[in-house]
Amino acid sequence: MSLDKAASYRYSILGDIAQPGVRLMSHRMTVTEAIAESGGVLPTGDRSKVIVLRRQKDGTLGQIAVNVSAIYKGKVPDSTYLVPGDQILVPGNRMKSIQKILGLVQTASFARIFTGL
């Protein structure tokens, strides 16, 4: 697929990323380049379980797993290129789960102050 009219091609990046949203593809780019352009993965993001959702010819969404952590360490090549319409999902990691639990504990403690429980 050619990117002759690259300015008209879009992809989206969601999840634990510094600047999620819909972006324009200005050139042929890899998943790691897209992550870098979006400000990088947050500390709560899981770099080893990044997923690219891509529309297949039959209309279904296919999943492409990308271990960005292994790419950064030089263990696997940076060879997953985006195509127009791709969606990059950066899931939360264990730290995010711990933060969520701590947030619930703090909310429960705060609620006890007002309810007297």
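Use the structure listed above.
Being a predicted model, the structure only gives us computed values, none of them experimental. (Residues numbered from 1 in each chain as written. Predicted model: local features only at pLDDT ≥ 70, side-chain atom pairs only at ≥ 80, totals over all residues. Heavy atoms only, no water.)

Caption draft 1: Region of interest: the pairing of strand 5 (residues 87-90). With burial as the criterion, only one face of strand 5 is covered, namely that bearing Ile88 and Val90; the residues Gln87 and Leu89 on the opposite face remain uncovered. For strand 1 (residues 10-15) and strand 5, the ladder comprises four bridges, and the chain directions are parallel. If you follow Leu14 over to strand 5, its bridge partner there is Leu89. Two strands pair when backbone bridges link them, and strand 3 (residues 50-55) and strand 5 are joined in this way by three bridges, in the antiparallel orientation. (Buried < 20%, exposed > 50% of the residue type's maximum accessible area, 1.4 Å probe, protein only. Helix = DSSP H or I, 4+ residues; strand = E, 2+ residues; numbered from the N terminus. Pairing = 2+ DSSP bridges.)

Caption draft 2: Here's a closer look at the packing of aromatic side chains. If you walk through the whole model with that rule in mind, you get zero aromatic pairs. Positioned above the aromatic ring of Tyr81, the side-chain terminus of Arg28 is 3.7 Å from the ring centre. (Phe/Tyr/Trp six-rings, centres within 6.5 Å; stacked < 30°, edge-to-face > 60°. Lys NZ or Arg CZ within 6 Å of the ring centre and 35° of its normal.)

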